[in-house]
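# Residue-level structure breakdown
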Amino acid sequence: MNKIKFRYALALLLCLTSDIVHSGEKALTNTWNSPHVVLRCTNVNDVQWTRGFWAKRFTVCHKSMIPNMWQLLRDPQISHAYDNLLIAADLKAGRHRGPKWLDGDFYKWLEAAAFVYGITRDESLDRQMDKIIEVISKTQRKDGYIHSPVVIAQRQGASQADEFRNRLDFETYNMGHLMTCACIHHRATGKTTLLRIAQRAADYLYGLYKRSPKILANNAICPSHYMGIVEMYRTLHDPRYLELAKGLIDIRDQVTQGTDQNQDRLPFREQTQVVGHAVRANYLYAGVADVFAETGDPNLLETLTTLWQDAALRKTYITGATGALYDGASPDGSKAHSAIQLVHQAYGRAYQLPNVTAYNESCATIGFALWNWRMLCITAQARYADMLEQILYNGVLATISLDGKRFFYRNTLRQVDDLPFELRWSHHRESYISCFCCPPNIVRTIAEVAGYAYSLTDSGVWVNLYGSNILDTSLPDGSRLKLIQETEYPWDGTICFTLAEVPPTAMSVFLRIPGWSREAKVRVNGVSLNCIPKAEQYYEVKRTWAKDDRIELTLPITTQLLEAHPLVEETRNQVAVKRGPLVYCLESVDLPDDVDITEIALTPTTKFNARFVPDLLGGISVLKGQALRLPADKWDGTLYRNISSKTPQFIDVTFIPYYTWGNRGHSEMTVWLPVR
Ligand SMILES: [Zn+2]
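Residues numbered from 1 in each chain as written. Predicted model: local features only at pLDDT ≥ 70, side-chain atom pairs only at ≥ 80, totals over all residues. Heavy atoms only, no water.

### Digging into the overall build of the protein chain
Looking only at helices and strands, the protein chain features 16 helices and 25 strands. A globule of 676 residues ought to have a C-alpha radius of gyration of about 26 Å, and the protein chain, at 25 Å, matches this closely. Counting all 676 residues of the protein chain, 60% fall into the buried class. Within the protein chain, contacts between residues at least 6 apart in sequence are counted, and of these 71% link residues at least 24 apart. (Helix = DSSP H or I, 4+ residues; strand = E, 2+ residues; numbered from the N terminus. Rg over C-alpha atoms; globule rule 2.2 N^0.38 Å. Buried < 20%, exposed > 50% of the residue type's maximum accessible area, 1.4 Å probe, protein only. Contact = heavy atoms within 4.5 Å.)

This is the structure we're talking about:
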């Protein structure tokens, strides 16, 4: 056994036998040993939602989303996901059905179940996962290759059933999600059953990387395996996985005939603009951020920062959603005609953010959250946490119905009836979608919000997200910390922390002051602190704490009318309504029958009153105010006409949070409204 192998074996043995668990070793992303991150993560079961907003969403996730989705995935009349695994495991006769990436989507659901088990210790989930993992293990070839479409074809003796024949077979995507899922399962359960399967898959990919890097590079479509392999490295400390992770980014430059659609037309380090398929893009950037966290390659972070600015400042909707285009050309408007390529479900030009035709695949929004989370861990800059919050409360939650059983594939910001053109995917949330990538991605994201709530450094604890919960963790020096957070956030901006268990030495509590907040205040044990908190920064409160000390953060939550950059042509002379982190919208259900949603306008001085309605849409604050109604004649048979001379009338309007729209039957909806 050579030296490296011996050290690896020793590390593995320690990892699997040691009772000492450092904070972050059992985290959503294990940054405990990552040399190039500022923030370390908390463990899977360190944060328990207690009540309020996220506790409700988490309970729906546990009691409705996960069991409901299992019924979908196991019913071959609806989804062939589990049947594909049973057939690949030789436990059932049949053939592969459904998209090639369905295994990966199944693993996302399994990851959600594992994370929820980690928090709830629901034994039935554990037993269920054990049975499923036994099946998954039988779908794996001896050499570690695992991918049900090819395994089934090979078992059945099909000719031309070779692996990696077609880059759109999504083999690395499936294996990547397996690896991430296996790490979470291991951290939540302590078991190594799924981890061993993922380890063999990772070894297989490492072998392929050594043998045929070009084949591996060409098959990096929707590259979940970048995040997956880094997480495997963090779990198993196998240096080959770090080598592979670094190599996976470098070999992208060897792709021949690369496309903007797949972000491989240019070498990664030369890219300055986010382009192409937005899920693939955001998975790539999140994966590269993971590679930076382990390697510290400054060119990677420089490129990521440039790309993030392009995405966040020019190509992101107010809901945090990304990927505006159904279909487009890239680079659109280029002088070099021959260089223009087709893209779909893609980032568009800078400021190209249409509303009615917004694509915004749910997975792209989630990919953007994954990327922002990793940028936050690397830099500790509040702007990334702000964006994460914006994405979670608006973009992510809107993708799923309040009962947790119906899903959007694409996410519009303005829904109007009777469009004279066809748009792909339903404009209602559907219980099953033939391309099932989004629904389990949504479920795992909601399951894992607790993993984003706090971070740790040598100096103390960082509060990234607000919501009633208990943080029970150990600090990097081993001392215990128990923090009780109580709040009605996002409906109210008072957030109270009780330090129920404190370290013996001085510790800082870093509170995120959101970019939208004005005049935030912090009090400790009832005494106001002199230093004024600044928006879009973490506010540090440092002292030697006593048990039961209290911190009170007040973020005045006011209703704001926002306008967009003038180059966003589709929102010219329009405003959106935001209250705290929540984007609001107007839904036709809340208008009189004879009033069309396109007739409503706001004024720059429109005032809204917030009122909490416990029995509406799961308990929300609605915004009530007066808007202008501009009665419009029918537009039949004309494209242009003289401006109306009718006098606008004031009418009462009610706005609801964007994430709750589409839960009361068919409706029209808009986030942006004209301002008069
Ligand atoms: Zn998707």
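Next comes the rest of the write-up.
### Considerations on the coordination of the zinc ion
At the metal site, the zinc ion is ligated by Glu361 (OE), Cys363 (SG), Cys437 (SG) and Cys438 (SG), and these contacts range over 2.1 to 2.3 Å. Counting the intervening residues between successive donors of the zinc ion yields the motif E-x1-C-x73-C-C. Residue cysteine 363 is found in helix H14 (residues 362-379), and its partner cysteine 437 is found in the loop between strand S6 (414-415) and helix H16 (438-447); the two are separated by 74 residues along the sequence. Take cysteine 363 and cysteine 437: they sit in the same class, and that class is buried. (Donors = N, O, S within 2.8 Å, 3.2 Å for Na, K, Ca; no water.)

### Quick look at the environment of serine 528
Its place among the elements puts serine 528 in strand S14 (residues 527-528). For the pair serine 528 and leucine 553, spaced 25 residues apart in the sequence, the C-alpha separation amounts to 9.9 Å. Not counting residues within four places of it along the chain, the set of residues in contact with serine 528 comprises Val522 and Arg523.

### Looking at the packing of aromatic side chains
This model, assessed by the stated rule, comprises 32 aromatic pairs. Aromatic rings pair up to connect Trp49, Phe53, Trp54, Tyr393, Tyr466, Tyr489, Trp491, Phe497, Phe612 and Tyr659 into one cluster. Stacked on the ring of tryptophan 32, the Lys or Arg arginine 40 has its end atom at 4.6 Å from the ring centre. (Phe/Tyr/Trp six-rings, centres within 6.5 Å; stacked < 30°, edge-to-face > 60°. Lys NZ or Arg CZ within 6 Å of the ring centre and 35° of its normal.)

### A look at the pattern of salt bridges
If the charged atoms of two oppositely charged side chains come close together, the side chains can form a pair. Counted by the stated rule, this structure contains 37 salt bridges. Aspartate 90 is the salt-bridge partner of arginine 155, the closest N and O atoms lying 4.0 Å from each other. With arginine 155 in helix H6 (residues 148-155) and aspartate 90 in the loop between helix H3 (81-88) and helix H4 (102-120), this pair connects stretches of sequence that are 65 residues apart. Taking relative accessible area as the criterion, arginine 155 reaches 42% and is therefore assigned partly exposed. The class of aspartate 90 is exposed, set by a relative accessible area of 54%. A salt bridge links glutamate 552 to arginine 523; the nearest nitrogen and oxygen atoms lie 3.2 Å apart. Separated by 29 residues along the polypeptide, glutamate 552 in strand S16 (residues 549-554) and arginine 523 in strand S13 (residues 521-524) bring together distant segments of the chain. A relative accessible area of 23% means that glutamate 552 is categorised as partly exposed. Residue arginine 523 is classed as partly exposed on the basis of its relative accessible area, which comes to 33%. Among the charged side chains, a network of salt bridges with common partners joins Arg187, Glu231, Arg234, Asp290, Glu294 and Arg374. (Salt bridge = Lys/Arg side-chain N within 4 Å of Asp/Glu carboxyl O.)

### Regarding the packing of H14 against H16
Taken N-terminus to C-terminus, the directions of H14 and H16 make an angle of 35°; their axes are 9 Å apart at the nearest point. Crossing of H14 against H16: the hand is left-handed. Within the contact between the two elements, H14 uses Ser362, Cys363, Ile366 and Leu370 and H16 uses Cys438, Asn441, Ile442, Arg444 and Thr445. (Axes fitted to C-alpha atoms, helices over the stretch in contact; angles between N-to-C directions. Left-handed = near helix turned anticlockwise from the far one by under 90°.)

### Re the pairing of strand S8 (residues 460-463)
Alignment of strand S7 (residues 454-457) against S8, held across four bridges, turns out to be antiparallel. Bridged to leucine 456 within S8 is valine 461. Across four bridges, S8 lies against strand S12 (residues 507-513) in parallel orientation. Looking across to S12, one finds that valine 463 is bridged to leucine 511. (Pairing = 2+ DSSP bridges.)

### Things to note about the nonpolar core
In terms of nonpolar packing, the biggest core is built from 229 residues, with Phe106, Trp371, Leu511, Phe655 and Val671 touching the most fellow members. With sequence-adjacent residues up to four places away left out, valine 671 is seen in contact with Ile318, Leu413, Val575, Ala576, Val577, Val583, Tyr584, Cys585 and Tyr658. (Core = buried A, V, L, I, M, F, W, Y, C linked by side-chain atoms within 4.5 Å.)

### A few points about the sheet that holds S12
For sheets, the rule is that strands pair by backbone hydrogen bonds, running either parallel or antiparallel. Sheet architecture is open: five strands sit in the order S1-S7-S8-S12-S15, paired in mixed fashion. Looking along the sheet, the strands with just one partner apiece sit at the ends: strand S1 (40-41) and strand S15 (537-543). In the sheet, S12 pairs with S15 via seven bridges, with the strands oriented antiparallel. When the bridges of S15 are listed, isoleucine 513 appears paired with glutamine 537. Contacts from helix H15 (residues 382-396) reach S12 and S15 within the one sheet, and its direction differs from that of S12 by about 55°.

### Overview of helix H5 (residues 123-138)
Its 16 residues place the ends of H5 24 Å apart at the C-alpha level, agreeing with the 22 Å of an ideal helix rising 1.5 Å per residue. Among all positions of H5, only Leu125, Asp126, Met129, Ile132, Ile133, Val135 and Ile136 are buried. Among the structural elements, helix H2 (53-74), H3, H4, helix H7 (171-189) and helix H8 (193-211) are those in contact with the buried residues of H5. (Expected span 1.5 Å × (residues − 1).)

### Quick word on the environment of tryptophan 545
Structurally, tryptophan 545 is set in the loop between S15 and S16. Along the primary structure tryptophan 545 and aspartate 472 are separated by 73 residues, whereas in three dimensions their C-alpha atoms are 16 Å apart. Not counting chain neighbours up to four residues away, the residues in contact with tryptophan 545 comprise Leu499, Val502, Pro503, Met507, Val509, Val524 and Ile551. A distance of 2.8 Å separates a polar side-chain atom of tryptophan 545 from the backbone oxygen of methionine 507. For tryptophan 545, the side chain forms a polar contact with the main-chain oxygen of arginine 543, separated by 3.2 Å. (Polar contact = N/O pair within 3.5 Å; in protein donor to acceptor, adjacent residues only side chain to side chain.)

### A word on unusual backbone geometry
Apart from glycine, the bulk of residues carry a negative phi angle, and the bulk of peptide bonds sit in the trans form. Here the bond from serine 330 into proline 331 is cis, since omega is -5°, no more than 30 degrees from zero. With respect to the element layout, proline 331 can be found in the loop between strand S4 (325-330) and strand S5 (341-347). Note that the residue after tyrosine 489, namely proline 490, is joined by a cis bond; omega there is 5°. Mapping proline 490 onto the fold places it in the loop between strand S10 (480-487) and strand S11 (494-501).

### Concerning the environment of asparagine 166
Within the secondary structure, asparagine 166 is located in the loop between H6 and H7. Relative accessible area serves as the criterion here: at 36%, asparagine 166 is assigned to the partly exposed category. Spatially, the C-alpha atom of asparagine 166 lies 27 Å from that of phenylalanine 368, the residues being 202 residues apart in sequence. If we skip the residues at most four places from it in the chain, asparagine 166 touches Glu171 and Asn219. Of the polar contacts made by the side chain of asparagine 166, one reaches the backbone nitrogen of leucine 168; its length is 2.8 Å.

### What to know about the side chain of threonine 670
By the element assignment, threonine 670 lies in strand S24 (residues 669-670). Relative accessible area serves as the criterion here: at 3%, threonine 670 is assigned to the buried category. A distance of 2.8 Å separates polar atoms of two side chains, one belonging to threonine 670 and the other to arginine 414. Within polar-contact distance, the side chain of threonine 670 engages the backbone oxygen of tryptophan 672 at 2.7 Å. Leaving out residues up to four positions away in the same chain, threonine 670 has contacts with Leu413, Arg414, Cys585, Leu586 and Ile597.

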